[in-house]
Amino acid sequence: MLKSDLINILVAKRGVTQKQAEATIETIFESMKDALCRGENIEIRGLGAFHVKNYQGYQGRNPKTGQVIPVKPKRGLLFRTGKELRDRVNRPAPQQAQADLTSPESKGPGSTGTGL
């Protein structure tokens, strides 16, 4: 899904103009970026949480030459899904579950399927 897809969904479901939808999505994303740059975590119930993780500096090594190279401290982002989203993603899709029930492999003995 692209940002433009989110804008189109907002226009279709809420009846706002294209410009209003763009401004809304842009405001949300900019606010999230600003918060993460300040080192704040973001938690969106039902979706997940963005966490800023601080990594310490260390002495790395060039794998070709073996030369020691200092690696500067840095920050990275982690996203952890919420339980509700994780469960929803792992639930089989209705058409997939129906296809599994009608596939030859799922039939019992004596079926014409080639399951082993």
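Conventions used here
Residues numbered from 1 in each chain as written. Predicted model: local features only at pLDDT ≥ 70, side-chain atom pairs only at ≥ 80, totals over all residues. Heavy atoms only, no water. Helix = DSSP H or I, 4+ residues; strand = E, 2+ residues; numbered from the N terminus. Buried < 20%, exposed > 50% of the residue type's maximum accessible area, 1.4 Å probe, protein only. Contact = heavy atoms within 4.5 Å. Areas by Shrake-Rupley, 256 points an atom, 1.4 Å probe, with all protein chains shown as cover. Core = buried A, V, L, I, M, F, W, Y, C linked by side-chain atoms within 4.5 Å. Pairing = 2+ DSSP bridges. Axes fitted to C-alpha atoms, helices over the stretch in contact; angles between N-to-C directions. Phe/Tyr/Trp six-rings, centres within 6.5 Å; stacked < 30°, edge-to-face > 60°. 1 Å grid on protein atoms, 1.4 Å probe; cavity = no way out; pocket = protein on both sides within 12 Å on 5 of 7 lines; lining within 4 Å. Points joined across faces, edges and corners; volume = space filled by probe spheres on them. Nonpolar A, V, L, I, M, F, W, Y, C, P; charged D, E, K, R; others polar.

Asks: Just give me the short version of the overall build of the protein, but keep the residues and values in it.
Replies: On a plain count of helices and strands, the protein comes out with 4 helices and 5 strands. Expressed as a percentage of the 116 residues in the protein, the buried residues total 12%. Of the contacts formed within the protein by residues at least 6 apart in sequence, a portion of 30% connects residues at least 24 apart. When the accessible surface of the protein is totalled, it reaches about 9800 Å², and 56% of it is carbon and sulfur.

Asks: Please provide a residue-by-residue account of the nonpolar core, values included.
Replies: Counting residues in each nonpolar core, the largest one holds 5 residues, listed as Met32, Ala35, Leu36, Ile42 and Val52. Setting aside residues no more than four positions away along its own chain, Met32 makes contact with Ile42, Ile44 and Phe50.

Asks: Describe in detail the sheet that holds strand S5 (residues 74–81), supporting the description with residues and values.
Replies: Backbone hydrogen bonds are what pair the strands of a sheet, in a parallel or an antiparallel way. Read from one edge to the other, the open sheet built from 3 strands follows the order S1-S2-S5, with strand pairing classed as antiparallel. Each of the sheet's edge strands pairs with one partner strand only, and the pair in question is strand S1 (42–44) and S5. When strand polarity is set aside, the average angle formed by the axes of neighbouring strands in this sheet is 20 degrees. The sheet contact formed by S1 and strand S2 (residues 48–55) spans 3 bridges and is antiparallel. Considered in S2, the bridge of Ile42 is made with Phe50. Across the sheet, helix H2 (residues 18–37) is in contact with S1, S2 and S5; its angle to S1 comes to roughly 140 degrees.

Asks: Kindly report on the packing of aromatic side chains, identifying the contributing residues and their values.
Replies: Applying the stated criterion across every chain, the model contains 1 aromatic pair. Ring geometry for Phe50 and Phe79: centres 4.8 Å apart, planes at 50 degrees, overall tilted. A residue pair is termed long-range when its members are at least 10 positions apart, and Phe50 in strand S2 and Phe79 in strand S5 qualify at 29 residues.

Asks: Give a detailed account of the layout of surface pockets, specifying residues and quantitative values.
Replies: Picture a little ball the size of a water molecule; that probe, rolled over the atoms, points out where space is still empty. A volume near 160 Å³ is recorded for the largest pocket. As for the largest pocket, its lining consists of Leu6, Ile25, Ile28, Phe29, Met32, Ile44 and Leu47. Counting residues per element, the lining of the largest pocket draws most heavily on H2, at 4 residues. Residues that form the lining of the largest pocket fall into these classes: 7 nonpolar, no polar and no charged.

That is the geometry; function is a separate question.
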